[in-house]
Amino acid sequence: MSFVDALGREHHGQKGDYLVESSDGLQRIAPQQIFEDIYVPMEPVRNVNAALAGRNLQPPSVSRASPRPVLIA
């Protein structure tokens, strides 16, 4: 897979690499080994307030999306 992003940068990927979309909508290709070493699966939090109970944290008022990977087949 190859493409040119909105900033004019060329991206090239191979089978098994990940197409990652950042919160600002830009896409990039992450090699499979690097992606799988950096990112770890997370379980969804059903109740943010319960997860933060007993901590001095507040839920974010604005949600920023984390990168959304797509495995290149």
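Computed from a predicted model, the values in this text were never measured in an experiment. (Residues numbered from 1 in each chain as written. Predicted model: local features only at pLDDT ≥ 70, side-chain atom pairs only at ≥ 80, totals over all residues. Heavy atoms only, no water.)

1. With respect to the environment of R9
Mapped onto the elements of the fold, R9 is located in the loop between β1 (2-4) and β2 (10-12). Taking the relative accessible area as the measure of exposure, R9 reaches 42% and is therefore partly exposed. Placed 19 residues apart in sequence, R9 and R28 show a C-alpha to C-alpha distance of 9.3 Å. In contact with R9, other than residues within four places in its own chain, are F3, V4 and L26. At a separation of 2.8 Å, a polar atom in the side chain of R9 contacts the side chain of D5. (Helix = DSSP H or I, 4+ residues; strand = E, 2+ residues; numbered from the N terminus. Buried < 20%, exposed > 50% of the residue type's maximum accessible area, 1.4 Å probe, protein only. Contact = heavy atoms within 4.5 Å. Polar contact = N/O pair within 3.5 Å; in protein donor to acceptor, adjacent residues only side chain to side chain.)

2. A short note on the packing of aromatic side chains
On inspection of all chains with the given rule, the structure shows two aromatic pairs. Pairing Y18 with F35 gives two aromatic rings, centres 4.0 Å apart and planes at 20 degrees, and the pair type is stacked. Of the two residues, Y18 sits in strand β3 (residues 18-21) while F35 sits in helix α1 (residues 32-38), which places them 17 residues apart along the sequence. Accessibility classification places Y18 together with F35 in one group, the buried group. Ring geometry for F35 and Y39: centres 4.6 Å apart, planes at 35 degrees, overall tilted. (Phe/Tyr/Trp six-rings, centres within 6.5 Å; stacked < 30°, edge-to-face > 60°.)

Just geometry here; none of it tells us what the structure is for.
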